[in-house]
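Each chain, letter by letter, is given below.
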Amino acid sequence: MNTELMEIKNGTLFYDGCDLTQLAAEFGTPVYVYSQNVIKSRIKELKEAFTDDHPKNRIAYACKAFCCTAMFKLLQYEGLCADVVSGGELYTAIKAGFPAERLEFNGNNKSRGELELAVEYGIGRIIIDSLQELSMLEEICAAKEKKMKVLYRITPGVKADTHDYIITGKKDSKFGIPLDDDIILPYVKAALDSRYVEFLGLHFHIGSQLFENDGYIAATGEALKLAEKIYTEYGFWIKELNLGGGFGVTYTTEERKPFSFFLDPVRETIEAFAMEYGLEMPALVIEPGRSVVAEAGITLYKIGSTKDIPGLRNYAAVDGGMTENIRPALYGAKYTAIVASKADAPADKTVTICGKCCESGDIIIKDIELPELKTGDTLAVLSTGAYGYTMASNYNRNPIPGVLFIDNGIAEWAVKPQTYENMTANDVIPKSFLEVKNG
Ligand code: LLP
């Protein structure tokens with residue numbers, strides 16, 4: 001359990017200087033709460049491990065983990081780059097005034113409209129996933145008389161030890177270009193010959209929530225083998241290698257590994273390779289998402305109804321559920337929680353925290369030891385900062401909660417809570433309905 005910047009005062013839980021019970025009362029629940037200081041401390045750790053001593057390298061935060069305009073502002077102030085995967089994420093970056101050259105665009109099926117927006121804004125890199133995408137991008141660049149820097153995403157064919165749904169580097173994947181010579185080499189040739197793109201190098205992402213470094217090392221080996229072939233065939237040595245994201249975080253009992261555990265051996269492998277062949281060290285890029293925001297975010301709920309089924313299970317329902325945290329239902333993800341309103345009471349009851357959605361699988365935490373829960377108690381579910389808000393839905397027409405940014409005792413909205421009005425704003429009654437009624 002990660003309790004960084006948390007303390008208990010007069011029986012209530014404080015986080016980054018804010019009384020969470022008071023926050024829940026003032027701003028309403030459910031609500032996502034992010035400590036800016038925890039995000040900044042992760043960014044500092046990443047810089048220490050990757051860019052401070054290697055200024056050519058870049059950290060491109062994968063904003064799919066948590067995305068809003070305030071987050072882009074924070075990244076901008078911290079000097080980071082960002083990875084977007086959709087027109088919507090790109091639009092959010094543009095709206096935040098995020099520097100174009102610090103953006104890179106990933107994704108296996110970018111639309112013409114999305115690529116046009118990217119070229120128009122003049123973003124830094126596009127990570128190309130298919131030959132069709134290269135052709136489409138060339139057409140767009142030709143029409144706009146622009147040139148775009150590109151990398152190719154490859155599927156290195158390595159197995160990462162994580163949930164099957166979040167493995168992405170194996171050969172049988174919808175992402176990336178397979179490494180067969182007769183497929184990848186003509187791709188590279190097409191990019192090198194193009195007037196409209198500047199080919200910089202290769203990209204891979206092997207999976208998410210990883211705790212071992214062997215997958216990264218193996219994938220790097222595959223990427224270097226390909227880089228060597230490209231050099232031999234076309235005399236071009238890669239200028240960039242993007243290693244993706246995936247660094248694991250603490251949800252319950254996992255031990256987060258230092259970033260250097262993953263990054264040092266990879267950098268050393270590439271340095272040794274470059275040295276052996278007398279080639280320049282390429283710039284390295286990483287795309288951490290979860291590891292920047294997961295542990296910074298918590299979700300506050302109010303307890304509603306409770307029920308004890310004798311000899312079976314005790315339930316306590318919160319005023320949210322799978323709508324703002326789909327991860328337990330989707331991946332069997334585990335979380336832990338603290339009763340913010342009685343944080344020092346003994347944890348002497350086993351309870352299952354369920355949501356309010358019409359699904360039996362709408363369980364946030366199964367069988368956790370907590371103090372006896374009563375209606376009105378404030379519950380803080382920890383480490384919900386990644387892939388919670390960004391995967392939230394309006395299931396059962398529950399509004400998506402707001403996001404609070406907190407910093408040394410000050411709390412402010414970063415995203416206001418969705419209202420019923422917002423939620424129904426795009427609903428339209430088809431004209432034909434009225435005609436039928438009138439006719
Ligand atoms: N780069 C690429 C190309 C990716 O596909 C991803 C994540 C990342 C970077 C960031 O990975 P991270 O550092 O966050 O592990 N919804 C799932 C996670 C899906 C991850 C997809 N790609 C979850 O809630 O666990």
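Position numbers for residues count from 1 along each chain, tracking the sequence in the order it is written. Only residues with pLDDT of at least 70 are given local features in this predicted model, and only at 80 or more are side-chain atom pairs given and counted; all residues enter the totals for whole chains, interfaces and linings. Calculated side-chain values reflect all of the structure's heavy atoms, with hydrogen atoms and water omitted.

Oppositely charged side chains can form a pair if their charged atoms are brought close together. Put simply, a salt bridge is a Lys or Arg side-chain nitrogen that is within 4 Å of an Asp or Glu carboxyl oxygen. Summed over all chains, the structure comprises 24 salt bridges. In this structure, Glu295 and Arg42 form a salt bridge, with 2.5 Å as the shortest nitrogen-oxygen distance. Of this pair, Glu295 sits in the loop between helix 10 (290-293) and strand 14 (297-309) while Arg42 sits in helix 2 (residues 36-50); the two residues are 253 residues apart in sequence, bridging distant segments of the chain. Note on classification: 1.4 Å probe, protein chains only; a residue is buried when its accessible area is under 20% of the maximum for its type, exposed when over 50%, partly exposed between these limits. By relative accessible area, which is 6% here, Glu295 ends up buried. One salt bridge in this structure joins Asp377 and Lys342, with 2.8 Å as the shortest N-O distance. With Asp377 in the loop between strand 18 (363-370) and strand 19 (378-381) and Lys342 in the loop between strand 16 (337-339) and strand 17 (349-354), the pair connects residues that are 35 residues apart, well separated along the chain. Asp377 gets classed as buried once you look at its relative accessible area, which sits at 10%. A network of salt bridges, in which partner residues are shared, links Glu4, Arg42, Glu45, Arg256 and Glu295. For helices the rule is a DSSP run of H or I covering at least 4 residues; for strands it is a run of E covering at least 2, with both sets numbered from the N terminus onward.

Our focus in this paragraph is the environment of Pro399. Assignment of secondary structure puts Pro399 in the loop between strand 19 and strand 20 (403-407). Placed 188 residues apart in sequence, Pro399 and Phe211 show a C-alpha to C-alpha distance of 35 Å. Not counting chain neighbours up to four residues away, the residues in contact with Pro399 comprise Asn394, Gln418, Tyr420 and Met423. Between two residues, a contact is recorded if the distance between any of their heavy atoms is within 4.5 Å.

Before going further, it helps to spend a moment on the nonpolar core. Within soluble globular proteins, side chains that are nonpolar tend to cluster in buried spots. Here, nonpolar core means buried Ala, Val, Leu, Ile, Met, Phe, Trp, Tyr and Cys residues that are tied together by side-chain atoms lying within 4.5 Å of each other. Phe72 and Ile353 are the most contacted members of the largest nonpolar core, which totals 131 residues. For every domain, the bounds stem from an assignment made automatically or drawn from a database. Two domains each provide a minimum of three residues to this core, namely domain 1 (6-34 + 294-424) and domain 2 (67-288). With sequence-adjacent residues up to four places away left out, Ile353 is seen in contact with Ala316, Val318, Ile363, Ile364, Ile365, Ile368, Leu370, Leu373 and Leu379.

With that settled, consider the packing of helix 2 against helix 9 (residues 259-277). Axes here refer to lines fitted to C-alpha atoms; in helices the fit is confined to the stretch in contact. Angles between the N-to-C directions go from 0 to 180 degrees. Two numbers describe how helix 2 lies on helix 9: the axes approach to 9 Å, and their chain directions differ by 25°. Taken together, the axis directions place helix 2 and helix 9 in an arrangement best described as roughly parallel. The two elements helix 2 and helix 9 cross, and the hand of that crossing is right-handed. The segment helix 2 lies against helix 9, with Arg42, Glu45, Leu46, Ala49 and Phe50 engaging Phe259, Ser260, Leu263, Asp264 and Arg267. For classification purposes, an angle smaller than 35 degrees is called roughly parallel, one larger than 145 roughly antiparallel, one from 65 to 115 roughly perpendicular, and anything else oblique. Note on convention: the crossing is left-handed when the near helix lies turned anticlockwise from the far helix by less than a right angle, right-handed when the turn is clockwise.

Attention shifts here to the site of the ligand. Nearness of a residue to a molecule or strand requires only that one of the residue's heavy atoms be within 4 Å of it. Near the ligand there are 19 residues, and of these Ser208, Glu287, Arg290, Arg327 and Tyr387 occur at the shortest range. What qualifies as a polar contact is a pair of N or O atoms within 3.5 Å, subject to a donor-acceptor requirement within protein and to the restriction that residues adjacent in sequence count only when both atoms come from side chains. With respect to the ligand, the backbone of Gly246 contributes an N or O atom lying 2.8 Å from an oxygen atom. Interatomic distance of 2.8 Å between a side-chain N/O atom of Tyr331 and a nitrogen atom of the ligand. Considered class by class, the residues forming the shell around the ligand number six nonpolar, seven polar and six charged. Any residue that is not Ala, Val, Leu, Ile, Met, Phe, Trp, Tyr, Cys, Pro, Asp, Glu, Lys or Arg is counted as polar, Gly included; the first ten are nonpolar and the last four charged.

Moving on, we come to the state of the cysteines. We call a pair of cysteine sulfur atoms a disulfide whenever their separation is within 2.5 Å. In this structure the tally under the stated criterion is zero disulfides. You can see Cys63 has no disulfide; the closest cysteine sulfur is in Cys67, sitting 3.9 Å from it. Here Cys354 stays free of any disulfide, with the sulfur of Cys357 as its closest cysteine sulfur at 10 Å. Using a relative accessible area of 12% as the deciding quantity, one classes Cys354 as buried.

No statement about biological role is implied by the geometric values presented.
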